Amino acid sequence: TQRIDDASPVVLVGLMGAGKSCVGRRLAAVLEWPFVDADDEIVKAAGLSIADIFELYGEAAFRDCERKVMARLLEGPPCVLAAGGGAFMDPGTRALIREHAVSVWLRADLEILVSRTVGRPHRPLLNTGDPRAILKKLMDERYPIYAEADVTVQTGAESADHTVRRVLDALT
Ligand code: S3P
């Protein structure tokens, strides 16, 4: 198994609704490391909401911004970093994560993702059609790539603390 060390950030990857921020925050508390949410850092750096970046500049510009922010965060002191759902799909960002961090894919099934993302307007990718159909398509496209993460933890209806345990078991 992949092991945590004192120098490498732990990056959580996976689809919107997989629990990256929620599990990440609790994992960081257990490790006594800072928790960083990449989306929040992008919003701070750009001075715009994620939805506005997508609307005004498009997804490609968002990915460029995300890559730069991730590069900066991955070079900082070790932290638990919740990546945006698409970060690991960008070849440049994925290479950075693989080089500098231990990556953990929080894998969730469609029903869980749907139940956790309905009515969340800040996710522009889910606003362009039926969220269930979009999530299904994203699962098909992304799961083979997320599977390249160092560790995979299947999550379901159990508590976030339970998932944190499973992540720690996989990493220590
Ligand atoms: C995205 C996921 C979002 C955010 C953006 C794009 C994606 O992050 O980065 O809306 O491509 O899956 P979360 O997974 O934290 O919601």
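All chains use their own residue numbering, which begins from 1 and follows the written sequence. Only residues with pLDDT of at least 70 are given local features in this predicted model, and only at 80 or more are side-chain atom pairs given and counted; all residues enter the totals for whole chains, interfaces and linings.

## Some thoughts on the overall build of the protein
Put simply, the rule is: The secondary structure listing takes helices from DSSP runs of H or I that are at least 4 residues long and strands from runs of E that are at least 2 residues long, numbered from the N terminus. For this measure, only C-alpha atoms enter the radius of gyration; the expected value for a globule follows 2.2 Å times N^0.38, where N is the number of residues. Any residue with 12 or fewer other C-beta atoms within 10 Å of its own C-beta is exposed, any with 20 or more is buried, and the rest are partly exposed; the C-beta atoms used are placed from the backbone. Remark: residues whose backbone-derived C-beta atoms lie within 7 Å of one another are considered to be in contact.
Scanning the protein for helices and strands turns up eight helices and five strands. Sequence-ordered secondary structure for the protein, helices as α and strands as β, is β-α-β-α-α-α-β-α-β-α-α-β-α. Relative to the compact-globule value of 16 Å for 172 residues, the protein shows a C-alpha radius of gyration of 15 Å, a close match. Burial statistics for the protein: of 172 residues in total, 35% are counted as buried. Long-range contacts, defined here as pairs at least 24 residues apart, represent 75% of the contacts in the protein between residues at least 6 apart.

## Focus: the packing of helix α6 (residues 110–117) against helix α7 (residues 131–146)
Stated formally: Inter-axis angles, ranging from 0 to 180 degrees, are taken between N-to-C directions of lines fitted to C-alpha atoms, where helices are fitted over the stretch in contact. Should an angle lie under 35 degrees it is considered roughly parallel, over 145 roughly antiparallel, and from 65 to 115 roughly perpendicular; all remaining angles are considered oblique. What makes a crossing left-handed is the near helix being turned counterclockwise from the far one by less than a right angle; a clockwise turn instead makes it right-handed. Gly falls in the polar group here, along with every residue not listed as nonpolar (Ala, Val, Leu, Ile, Met, Phe, Trp, Tyr, Cys, Pro) or charged (Asp, Glu, Lys, Arg).
Close contact between α6 and α7 brings their axes to 10 Å; oriented N to C, the two are set at 130°. Judged by the angle between their axes, α6 and α7 are oblique. Remark: the crossing between α6 and α7 carries right-handed chirality. Contacts between α6 and α7 involve Leu 110, Leu 113, Val 114 and Thr 117 from the first element and Pro 131, Arg 132, Leu 135, Lys 136 and Met 139 from the second. Per-class residue counts for the contact of α6 with α7 are six nonpolar, one polar and two charged.

## Quick look at the UniProt feature "binding site: substrate" (unreviewed entry) in the protein
Worth spelling out the cut-off: UniProt positions are given in the numbering used here, feature names are shortened, and annotations may be inferred rather than shown by experiment.
Cross-referencing UniProt, the feature "binding site: substrate" (unreviewed entry) maps to Asp 39, Arg 63, Gly 85 and Arg 142 in the present numbering. Positionally, Asp 39 belongs in helix α2 (residues 38–46). Beyond its immediate sequence surroundings of up to four residues, Arg 142 is in contact with Leu 15 and Met 89.

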